[in-house]
Amino acid sequence: MNTPTDKILVVEDERLVAEDIAECLRSVGYDVVGTAKSCAEAVAQVEEERPDLVLMDITLRGDVDGIETAQILKDRFSTPVVFLTAYSQKTILDRAKVVEPLGYVVKPFDESSLVSTVEMALHKARVDAALRKSEEWFSTTLRSIGDGVIATDEHGKVRFLNKVAEELTGWGAKEAETRHISEVFVVRSAKDDSVISIPAIEAMETGQVVDLAKHAVLVRRDGSRIDVNDSGAPIYDNEGSLAGSVLVFRDVTEAKQHEAEMERYREQLETMVEERTAKLHWQIKMESLMTSITGNLLRLTAENWREGFNAALERFGAAVDLDAIAVWRIENDPESDQTLMSREAGWAKPEFAHRDEEASRVPVTKMTWLRSRTDETGCVAISELSEMPAEAVVEKSVMEAEGIGAFVNLRIEILGEDDDVRLTLFAYVSGPREWGEDNLVFFQMLAGAYKNTVERVAMEENRLALTEQLHQSQKLEAVGKLTGGIAHDFNNMLVPIIGYADEILEDGGNGDYYSEVTEIRRAAVSAASLTRQLLAFSRKQVLQKKQIDVGELVGGMHRLLERLIGEDIRFKLDLDHGDLHVEADRGQLEQVIMNLCVNARDAMPDGGDLRICTKTGLTAEGGVALRLEVADSGSGMSKELIEKAFDPFFTTKGMEGTGLGLSVVLGIIEQHNGTVEINSVLGRGTRFIIQLPADLSKKSVDGVVDVKVNAKARSGGGERILLVEDEPGVAQFVSRALARNSYKVEIAMTVGAGLEAFNADPDRFDLVLTDAMLPDGNGIDVVNAVRESRPNMPMLLSSGYTDDRSYLDEAQNQGVPFLQKPYPLEELYSSVRSALDGAPIDVELPA
């Protein structure tokens, strides 16, 4: 069937015949782009119109007939042709076949035969074009492969060679086509020059992939030879019949040469070993030992590498007959301005073992000559102390005092090690020893083995740490979603509880139940505080940020904190006031400090010291930061405990702890774009270091705003409020509470219902109060739709928490006030009144 895009050109020198053909084709829907009566006209129109098919009269007037014209169109444009002819002479038809026309239309013709021939020709043209495109893609792919590729038909005759195959065999693709593959790809054995069967032929015979035999040599067309390896595979068509084979091969001459070189090198080593005398027997033994040691070290893990390396040092020291050998860490202590030495790993004979124990983490004399000499050469070997130069007087004195007669000292440079830290491999004997250059190689190998082991273990620990961080992140995300969802539903439940309790207490309550209602409200407010902790932990708490002087904030909490931690703990503040401010939520920061102080108190059951310090610091990007430190002198934390400290619901307090304290701290600080770090030593206390982005130029504007909401501020004057809230209990409470204060409330429980009510009469409402999370959308959808009709329409957005779907940031950017759930009755009244008046009022949530 023709398509609207099928374009046809008619080339016929009889004008009436051409018009008749064109009219016939147009009548059935083809787009006849024109007619031509000569070769020149046909070429010009094809170049301009690019028809899908040309109907070509075989006999055209002029010097160029239709067959020659068709050949020109095929060569230049690949345009398919159907011949129009009134002749049936064999000589003419034989000439026409060379052009490979898609059909013939015999004059005179009828409409049905013309149309059917054209349709068949167009169909075949599309198939040929698709096949040609597929073949081009396949050919381009094979030519792009880096290995040589030869494809054959089912008889083993070459059908394709890519460029690499041409270069390797010496045969051009055109020359090789139709030749049998055994003529193009000649392989012989490198051992006896016998002819080797070609895998492509074997693959067709066996139906399986066949690899070339080893030691195969390709004899190129010019007679030169190269080493190759290859494999052949059969090719099957769609019906499962054998269609040929493909051979993939590569030049491995260079690899063979390397292999031969390695083989020659190995043979040379074996010859050298065989020719060695008893004098070299010890060195052979050491080579075997080092191979064994290195192999064992490769199997060590982060948990056992120190024990494993101690065992390696013991084997080495015993084999070399050392008195002691150890890896020492030498570092400068900035606090004491001393050089400290500690043993990382080591071994000593029993009579020398006490020296290592005494030297562990003790100050050492600065030995300038030994350091500089080791840095310069990498290795210092002293066969007897008399060899040491005059400037090594300190080193010589130390060695004599320790009973050392000869020693070897090597510098070990660990990747990423601090410049102030030095690692050395130090070995000694009590008497003189001729070390020998050959033997020092094994010390260097041992030092290198330590370096490789430490770096490999560090990489493994880093990988495990990153994996653990990923798992922790995924766990926190999952728990965060759960807690955020729970807090959302819980806050909706608390709104009517707190609100109705406020109504009862506001009305004076029933004298018999006043205290009970007060307790109900206190319990609900406590529950609201718990949900705020959950939201802080899940990073979904809505922050009310202001510029805060954290020093003043901590100072204001002084008395509360003293009562909290008890009299047996000495409490000290070291606060920097006045110049450094952070943009933060005051209540959230107070909660962070409270949580850390509670943890500190629990870590000091028998009393101790608690210190809170604020000072200027720097962020990782080099900006100004506030540094808040909370340090105690309690029991401290192990490395394992520090790694789990921020895990949600992890606690060391048994049934008395929730496991949320530090998780909440981390959540709050990260929500403020800050960081939390733990420094702790078992038995020596713990220090929490918090850094928050700060600003030196801004002043504190934070503080508790004492809001007195008078009767006028709470009451309405008949204003109509559209309440969009999907929680029935919340909607009923808010509607009733506002109605009591002279507001008229209409409730909608979905975005769609709310907009339908608003659009019915946009001027009917004075305020839209919408929940952030709704079944069919979110509050910002309501805000955007309402403000399209009334740009200045007062809006109020409310939610129990925020996530990506609530679009809280967008609402705040648009200046939409936010009412945090759960809210007391007074805050509902004041928020509605201020939204209507366009004057926001800060109202603190109840404690």
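Residues numbered from 1 in each chain as written. Predicted model: local features only at pLDDT ≥ 70, side-chain atom pairs only at ≥ 80, totals over all residues. Heavy atoms only, no water.

## Digging into a nonpolar patch on the surface
Point 1. A contiguous nonpolar surface patch, about 420 Å² in accessible area, is contributed by Met-262, Tyr-265, Leu-269 and Met-272.
Point 2. By the secondary structure assignment, Met-272 is in helix α10 (residues 253–275). (Patch = residues over 30% accessible without salt bridge, like charges linked within 9 Å, V, L, I, M, F, W, Y side chains within 5 Å. Areas by Shrake-Rupley, 256 points an atom, 1.4 Å probe, with all protein chains shown as cover. Salt bridge = Lys/Arg side-chain N within 4 Å of Asp/Glu carboxyl O. Helix = DSSP H or I, 4+ residues; strand = E, 2+ residues; numbered from the N terminus.)

## Considerations on the side chain of Glu-344
Point 1. Examined against the element boundaries, Glu-344 turns out to sit in strand β14 (residues 338–348).
Point 2. Among the polar contacts listed, one links the side chain of Glu-344 to the side chain of Arg-329, at a separation of 3.3 Å. (Polar contact = N/O pair within 3.5 Å; in protein donor to acceptor, adjacent residues only side chain to side chain.)

## So, the pattern of salt bridges
Point 1. A complete count under the given rule lists 27 salt bridges for this structure.
Point 2. Across the salt bridge formed by Asp-574 and Arg-611, the nearest N and O atoms sit 3.4 Å from each other. Of the two residues, Asp-574 is situated in strand β20 (residues 569–574) and Arg-611 in strand β22 (residues 608–618); the sequence distance between them amounts to 37 residues.
Point 3. The class for Asp-574 is partly exposed, based on a relative accessible area of 35%.
Point 4. Arg-687 is paired through a salt bridge with Glu-629; the nearest N and O atoms lie 3.7 Å apart. Taken together, the residues Arg-687 in strand β25 (residues 686–693) and Glu-629 in strand β23 (residues 624–632) connect sequence positions 58 residues apart.
Point 5. Given the relative accessible area of 31%, Arg-687 is considered partly exposed.
Point 6. By relative accessible area, which is 3% here, Glu-629 ends up buried.
Point 7. One salt-bridge network, in which partners are shared between bridges, spans Lys-615, Arg-627, Glu-629 and Arg-687. (Buried < 20%, exposed > 50% of the residue type's maximum accessible area, 1.4 Å probe, protein only.)

## Digging into unusual backbone geometry
Point 1. Despite not being glycine, Arg-50 has its phi angle at roughly 50 degrees, a positive value.
Point 2. Tracing the chain through its elements places Arg-50 in the loop between α2 (39–49) and β3 (53–57).
Point 3. Classification of Arg-50 as partly exposed rests on a relative accessible area of 47%.
Point 4. In this structure, Thr-178 takes a positive phi of about 75 degrees despite not being glycine.
Point 5. Tracing the chain through its elements places Thr-178 in the loop between α7 (173–176) and α8 (181–184).

## Here's the deal with the confidence of the model for the protein chain
Point 1. Of the residues in the protein chain, 81% have a pLDDT of 70 or more, and the chain-wide mean is 79.
Point 2. Taken element by element, the protein chain is modelled with least confidence in helix α23 (residues 711–714), mean pLDDT 53, and with most confidence in strand β26 (residues 720–724), mean pLDDT 93.
Point 3. The low-confidence segment residues 654–659 (pLDDT under 50) makes 7 contacts with residues lying over four places distant or belonging to another chain.
Point 4. Within the model, the stretch residues 700–712 combines pLDDT values under 50 with 22 contacts to residues more than four positions away or in other chains. (pLDDT = per-residue confidence, 0-100. Contact = heavy atoms within 4.5 Å.)

## Quick notes on the sheet that holds strand β24 (residues 675–680)
Pairing between the strands of a sheet is mediated by backbone hydrogen bonds and can be parallel or antiparallel.
Point 1. Spatial ordering of the open sheet is given by β20-β22-β23-β25-β24, a layout of 5 strands whose pairing is mixed. Among the strands making up the open sheet, the edge pair consists of β20 and β24. Put simply, the sheet's adjacent strands are angled 15 degrees from each other on average, direction ignored.
Point 2. The pairing of β22 with β23 spans 9 bridges and is classified as antiparallel. Following the sheet pairing, Cys-613 is matched in β23 by Glu-629. (Pairing = 2+ DSSP bridges. Axes fitted to C-alpha atoms, helices over the stretch in contact; angles between N-to-C directions.)

## Comments concerning the packing of helix α24 (residues 728–740) against helix α28 (residues 825–837)
Point 1. Running from N to C, α24 and α28 cross one another at 70 degrees; their axes reach a closest spacing of 11 Å. With respect to α28, the axis of α24 lies roughly perpendicular. The hand of the α24/α28 crossing is right-handed. Counted together, Phe-733, Val-734, Ala-737 and Leu-738 of α24 and Leu-825, Leu-828, Tyr-829 and Val-832 of α28 form the full contact between these two elements.
Point 2. The class makeup of the residues in the contact of α24 with α28 is 8 nonpolar, no polar and no charged. (Parallel < 35°, antiparallel > 145°, perpendicular 65-115°, else oblique. Left-handed = near helix turned anticlockwise from the far one by under 90°. Nonpolar A, V, L, I, M, F, W, Y, C, P; charged D, E, K, R; others polar.)

## Considering the packing of aromatic side chains
Point 1. The final tally for this structure, using the stated rule, is 10 aromatic pairs.
Point 2. Residues Phe-83 and Tyr-104 carry aromatic rings whose centres are separated by 6.2 Å and whose planes lie at 35 degrees to one another, so their mutual orientation is tilted. Taken as a pair, Phe-83 in strand β4 (residues 81–85) and Tyr-104 in strand β5 (residues 104–106) lie far apart in primary sequence, 21 residues in all.
Point 3. Among the aromatic residues, those joined into a ring-pair cluster are Phe-352, Phe-407, Phe-426 and Tyr-428.
Point 4. Geometry around Trp-171 places Arg-221 over its ring, the cationic atom sitting 4.0 Å from the centre. (Phe/Tyr/Trp six-rings, centres within 6.5 Å; stacked < 30°, edge-to-face > 60°. Lys NZ or Arg CZ within 6 Å of the ring centre and 35° of its normal.)

## A few points about the environment of Ala-739
Point 1. Residue position: Ala-739 is located in helix α24.
Point 2. The class for Ala-739 is partly exposed, based on a relative accessible area of 47%.
Point 3. Spatially, the C-alpha atoms of Ala-739 and Gly-716 are 8.8 Å apart, while their sequence positions differ by 23 residues.

## Overview of the nonpolar core
Point 1. In this structure, Val-582, Ile-593, Leu-610 and Ile-612 are the most contacted members of the largest nonpolar core, which totals 39 residues.
Point 2. In this view, Ile-593 contacts Leu-553, Val-554, Met-557, Leu-561, Ile-612 and Leu-628; residues no more than four positions away in its chain are not counted.
Point 3. The next biggest cluster of nonpolar side chains, apart from the first, holds 37 residues, and it includes Met-290, Ile-325, Cys-379 and Phe-443. (Core = buried A, V, L, I, M, F, W, Y, C linked by side-chain atoms within 4.5 Å.)

## Let's talk about the sheet that holds β4
Point 1. Ordered in space as β2-β1-β3-β4-β5, the 5 strands form an open sheet in which the pairing is parallel. Each of the sheet's edge strands pairs with one partner strand only, and the pair in question is β2 (31–36) and β5. On average, each strand axis in the sheet is tilted by 20 degrees relative to the strand beside it, whichever way the strands run.
Point 2. Sheet analysis places strand β1 (residues 7–11) next to β2, joined by 5 bridges and oriented parallel. Bridged to Leu-9 within β2 is Gly-34.
Point 3. Sheet strands touched by helix α1 (residues 15–27): β1, β2, β3 and β4. Its angle to β2, the strand with the most contacts, is close to 175 degrees.

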